[in-house]
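Listed below are the residues making up each chain.
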Amino acid sequence: MTGTPEDAVLHRFESGVSWITLNRPEAMNAVTWDQRERVIRLLAEASADPDVRAVVITATGKGFCAGADLRGSPAAPAERVVGDVARMIRLGAQRLITAVLDCEKPVIAAVNGTAAGIGAHLALACDLVIAAEPARFIEVFVRRGLVPDGGGAYLLPRLVGPQKAKELMFFGDAVPAAEAERLGLVNKVVPAEALEETAREWAERLAQGPTRALALTKQLVNASLDGDRATALAAEATAQELNMTTADANEGVASFVERRTPKYLGR
């Protein structure tokens, strides 16, 4: 598919939700350099825009993302030296995954089809994952003689434990959506025709919530997997301190006292 990065990554904003859609169906949405940069930029914009209350990442066609497509990336140096590959990973796949993990709004993956390699990690980095019944998740790296990158060895053990993570990465077998749900990789599996509507329902529900509290909750949960108990409890107390300065926290407490439904504004 030719065209601009805007063609390859569709974007729309509806009801407080930023919809980011990979749009290279003829390539099973293998992500290019331009697509990656646009997704990173849209996630940064979502963090900074108070009108954005949630994000959905999805794709067109039969594939969610078949991995990395290196065509169209900046030209490689004529002679590779030690450090070139590590730099490429840091500035490429890792930046994409980090952009999802660090986005200050809840991010939902609506996985319509095959998610392989960095495509699987893009989905698993999201806060919630909804998968269509035909979706599959594949740790494809071993099939190419490669080490998993894009945060795979960080994400998978935290979701399924080290033993299962190694099984998935050592063999590279496709994991069907129903099995992915059983393992804890996926929150919900739905028929393909219900995927967008389910993602919309979840995203719009999040968009009605206390956005800053959700952002702080996301940070606490993500950080808790890396630190000790004392660090986690200190972070929790600090997060609540910060959160109590928001309008939504005051509204939440007032609505409870007044026995009414809260009206959160994301501020």
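Please refer to the structure higher up on the page.
None of these values were measured; they are calculated from a predicted model. Each residue is numbered by its place in its chain's sequence as written, counting from 1. Totals for whole chains, interfaces and linings use all residues, but because this is a predicted model, local features are given only for residues with pLDDT of at least 70 and pairs of side-chain atoms are given and counted only at 80 or more. No hydrogens and no water enter the side-chain calculation; it runs on all heavy atoms of the structure.

## What to know about the overall build of the protein chain
For the protein chain, the count of helices and strands is twelve helices and ten strands. For the protein chain, the C-alpha radius of gyration of 19 Å lies close to 18 Å, the compact-globule estimate for 267 residues. In terms of overall dimensions, the protein chain has C-alpha extents of about 65 × 40 × 40 Å along its principal axes. Categorising residues by exposure relies on relative accessible area from a 1.4 Å probe, with only protein chains included: less than 20% of the type maximum marks a residue as buried, more than 50% marks it as exposed, and the intermediate range marks it as partly exposed. Buried positions account for 44% of the 267 residues belonging to the protein chain. Contacts are residue-level and defined by heavy atoms, with any inter-residue pair within 4.5 Å sufficient. Considering only intrachain contacts with a sequence separation of at least 6, the fraction spanning at least 24 residues in the protein chain is 70%. Residue exposure ignores everything except the shown protein chains as possible cover, and the areas themselves are Shrake-Rupley values with a 1.4 Å probe. Accessible area for the protein chain stands at about 14,000 Å²; split by element, carbon and sulfur atoms hold 57% of it. Under the convention used here, Asp and Glu are negative, Lys and Arg are positive, and both His and the chain ends fall outside the count. All charge positions are set by atom: Lys at NZ, Arg at CZ, Asp at CG, Glu at CD. The distance from the centre of the 30 positive side-chain charges to the centre of the 34 negative ones in the protein chain is 2 Å. Each helix is a run of H or I in the DSSP string that is no shorter than four residues. Each strand is a run of E no shorter than two, and both are numbered from the N terminus. Radius of gyration here is computed from C-alpha atoms only, and the compact-globule reference equals 2.2 Å multiplied by the residue count raised to the power 0.38.

## What about the packing of aromatic side chains?
The pairing test for Phe, Tyr and Trp rings, Trp by its six-membered ring, is centres within 6.5 Å, and the orientation test on the planes gives stacked under 30 degrees, edge-to-face over 60, and tilted for anything in between. Under the definition given, this model contains zero aromatic pairs. Look at NZ for Lys and CZ for Arg. If either is within 6 Å of the ring centre and within 35 degrees of the ring normal, a charge sits over the ring. Sitting above the plane of the Trp19 ring, Arg12 keeps its charged end 4.4 Å from the centroid. Taking the ring centre of Tyr154 as reference, the NZ or CZ of Arg158 above it sits at 3.8 Å.

## Quick notes on the sheet that holds strand β6 (residues 114-116)
Taking strand neighbours across the sheet as the criterion, the four strands line up as β4-β6-β8-β9 in an open arrangement whose pairing is mixed. Two strands bound the open sheet, and with one partner strand each, they are β4 (63-65) and β9 (174-176). Shown here is a sheet whose adjacent strand axes are inclined to one another by a mean of 20°, direction ignored. Of the pairings in the sheet, the one linking strand β8 (residues 136-138) to β9 comprises three bridges and is antiparallel in character. Opposite Phe137, over in β9, you have Val175 as the bridge partner. Should DSSP find at least two bridges between two strands, the strands are regarded as paired. Every angle, taken between N-to-C directions, lies between 0 and 180 degrees, and every axis is a line fitted to C-alpha atoms, over only the stretch in contact when it is a helix.

## Considering the sheet that holds strand β5 (residues 107-111)
Two modes of strand pairing occur in sheets, parallel and antiparallel, and in both the strands are linked by backbone hydrogen bonds. Taking strand neighbours across the sheet as the criterion, the six strands line up as β1-β2-β3-β5-β7-β10 in an open arrangement whose pairing is mixed. For this open sheet the edge positions go to β1 (9-14) and β10 (188-190), each flanked by a neighbour on one side alone. This sheet shows a mean twist of 20° between the axes of neighbouring strands, independent of strand direction. Across six bridges, β1 lies against strand β2 (residues 17-22) in antiparallel orientation. Bridge pairing links Leu10 to Thr21 in β2.

## Here's the deal with unusual backbone geometry
Working note: non-glycine residues mostly have negative phi, and peptide bonds are mostly trans. Phi angles above zero are rare outside glycine, and Met28 is one such case at about 55°. You can see Met28 is positioned in the loop between β2 and α2 (33-48). Residue classification places Met28 among the partly exposed residues on the basis of a relative accessible area of 30%.

## Quick word on the environment of Val56
Here Val56 shows up in strand β3 (residues 54-59). Sequence-wise, Val56 and Pro106 are 50 residues apart; in three dimensions their C-alpha atoms are separated by 8.6 Å. If we ignore the near neighbours within four places in the chain, the residues touching Val56 are Val17, Ser18, Trp19, Ile20, Ile108, Ala110, Ala199 and Ala203.

## Some points on the pattern of salt bridges
Within this document, salt bridges are pairs made up of a side-chain nitrogen of Lys or Arg and a carboxyl oxygen of Asp or Glu, the two lying within 4 Å of each other. Summed over all chains, the structure comprises 16 salt bridges. Notably, a salt bridge pairs Glu167 with Lys164, separated by 3.1 Å at the nearest N-O pair. In this pair, Glu167 and Lys164 both sit in helix α7 (residues 162-171), three residues apart, roughly one turn of the helix. With a closest N to O distance of 2.6 Å, Glu251 and Arg260 form a salt bridge. Accessibility expressed as a relative area gives 34% for Arg260, which makes it partly exposed. Because the salt bridges share partners, they merge into one network encompassing Arg12, Glu14, Glu196, Glu197 and Arg200.

## Section: the side chain of Thr114
Relative to the helices and strands, Thr114 resides in strand β6. Sequence-distant contacts of Thr114, defined by excluding residues within four places in its chain, comprise Met28, Lys62, Gly63, Phe64, Cys65, Ala66, Arg136 and Ile138.

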